Amino acid sequence: LRPVTKSIQNLYEIGMLEFGLHHWADCVSHLEPLLASSKTTESTEFHSASLCALAHNSLGQPQQSQAVIDKYSRLAAGKGFAGSIVRYLAGQINESQLDALAKNNQDRTLANFYSGARLARIGKGTLSKQRLTWVQDHGDHQMDQYLLAIMELELLQKAKPVTSAD
């Protein structure tokens, strides 16, 4: 038997699946090697960095999350909407600016998913649910982030009710 080699695309797809299943450590264990071995900085790498950073946050590892985002935010200018997502997660642009950059339903699906996922990780459950529900109701059903938004909503539904205003 030949050992299975995992391509960049394989690592991305497995990492994304692990993210959706809320297996944060497994998500990181697939996306970090992708980021370390990739020779490009295109959409796959920016989405991988974004998901990896969010997974680190879910593991209570804010320094690791910030390190991933900081590295890719320096490369994100002029790299399309996926680069804008990284800039948003790095705090270089705010939610309103990200929304303004969304030119079509695919971009709006991405903006609402990543914003909702980030808001969930900083304790803003109500705002997170609003963003993720938008994806569920209006998002592009063909996108991976559509399914991830549904899975994030499921996780939020299982969480304790939010007791403080957010």
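Use the structure listed above.
About the criteria used
- Residues numbered from 1 in each chain as written.
- Predicted model: local features only at pLDDT ≥ 70, side-chain atom pairs only at ≥ 80, totals over all residues.
- Heavy atoms only, no water.
- Helix = DSSP H or I, 4+ residues; strand = E, 2+ residues; numbered from the N terminus.
- Rg over C-alpha atoms; globule rule 2.2 N^0.38 Å.
- Buried < 20%, exposed > 50% of the residue type's maximum accessible area, 1.4 Å probe, protein only.
- Contact = heavy atoms within 4.5 Å.
- Expected span 1.5 Å × (residues − 1).
- Arc of directions from axis to C-beta.
- Salt bridge = Lys/Arg side-chain N within 4 Å of Asp/Glu carboxyl O.
- Core = buried A, V, L, I, M, F, W, Y, C linked by side-chain atoms within 4.5 Å.
- Phe/Tyr/Trp six-rings, centres within 6.5 Å; stacked < 30°, edge-to-face > 60°.

*Asks:* How should I be thinking about the overall build of the chain in this particular structure?
*Replies:* Scanning the chain from N- to C-terminus turns up nine helices and zero strands. Its helices and strands in sequence order give the chain the pattern α-α-α-α-α-α-α-α-α, from N to C terminus. Relative to the globule expectation of 15 Å for 166 residues, the C-alpha radius of gyration of the chain, 15 Å, shows essentially globular dimensions. Here the chain holds 166 residues, and 43% of them are scored as buried.

*Asks:* Where do I start with the environment of P33 in this structure?
*Replies:* As for its placement among the helices and strands, P33 is situated in helix 2 (residues 24-37). C-alpha of P33 to C-alpha of L147: the two residues are 114 residues apart in sequence and 24 Å apart in space. Setting aside residues up to four positions removed in sequence, P33 forms contacts with L11 and V28.

*Asks:* Quick question: what am I supposed to make of helix 8 (residues 125-138) here?
*Replies:* An α-helix turns once per 3.6 residues; consequently, residues spaced three or four apart project the same way. The end-to-end C-alpha separation of helix 8 is 20 Å, in line with the 20 Å expected for 14 residues at 1.5 Å each. All of the buried residues in helix 8 are G125, S128, R131, L132 and V135. Down the axis of helix 8, the buried set is contained in an arc of 130 degrees. They therefore lie on one face. Tucked into the core, helix 8 has its buried residues touching helix 6 (95-101), helix 7 (105-121) and helix 9 (144-158).

*Asks:* What am I meant to see in the pattern of salt bridges here?
*Replies:* Two side chains carrying opposite charge are able to pair once their charged atoms lie near each other. With the rule as written, the count across this model stands at five salt bridges. Salt-bridge contacts for R131 lead to E95; the nearest nitrogen and oxygen are separated by 2.8 Å. Placement of the pair is R131 in helix 8 and E95 in helix 6, with a sequence separation of 36 residues. Take R131: its relative accessible area is 11%, and that puts it in the buried class. Classification of E95 by relative accessible area gives partly exposed; the value is 26%. Linked through salt bridges whose partners overlap, the residues forming this network are E95, D99 and R131.

*Asks:* How should I be thinking about the side chain of Q145 in this particular structure?
*Replies:* Among the structural elements, Q145 can be located in helix 9. Residue Q145 is classed as buried on the basis of its relative accessible area of 4%. Residues contacting Q145, with those up to four places away along its chain left out, are Y12, H47, L110, F113, Y114 and V135.

*Asks:* Which parts of the structure should I look at to understand the nonpolar core?
*Replies:* When a protein is soluble and globular, its nonpolar side chains tend to lie buried together. In this structure, F19, L51 and F113 are the most contacted members of the largest nonpolar core, which totals 43 residues. Mapped by element, the contributors of at least two residues to this core are helix 1 (8-20), helix 2, helix 3 (43-58), helix 4 (62-73), helix 5 (80-89), helix 7, helix 8 and helix 9. Here this core gets seven residues from one element, more than from any other, and that element is helix 3. With near-sequence residues (within four places) excluded, F113 lies in contact with F19, L51, L132, V135, Q145, L148, A149 and E152.

*Asks:* Whenever I open this one, the packing of aromatic side chains confuses me. Can you help?
*Replies:* One pair of aromatic rings is described through two measures. These are the centre distance and the angle between the planes. The tally for this structure, following the rule as stated, stands at four aromatic pairs. Ring geometry for F113 and Y114: centres 4.8 Å apart, planes at 65 degrees, overall edge-to-face. On the basis of relative accessible area, F113 is assigned to the buried category, the value being 0%.

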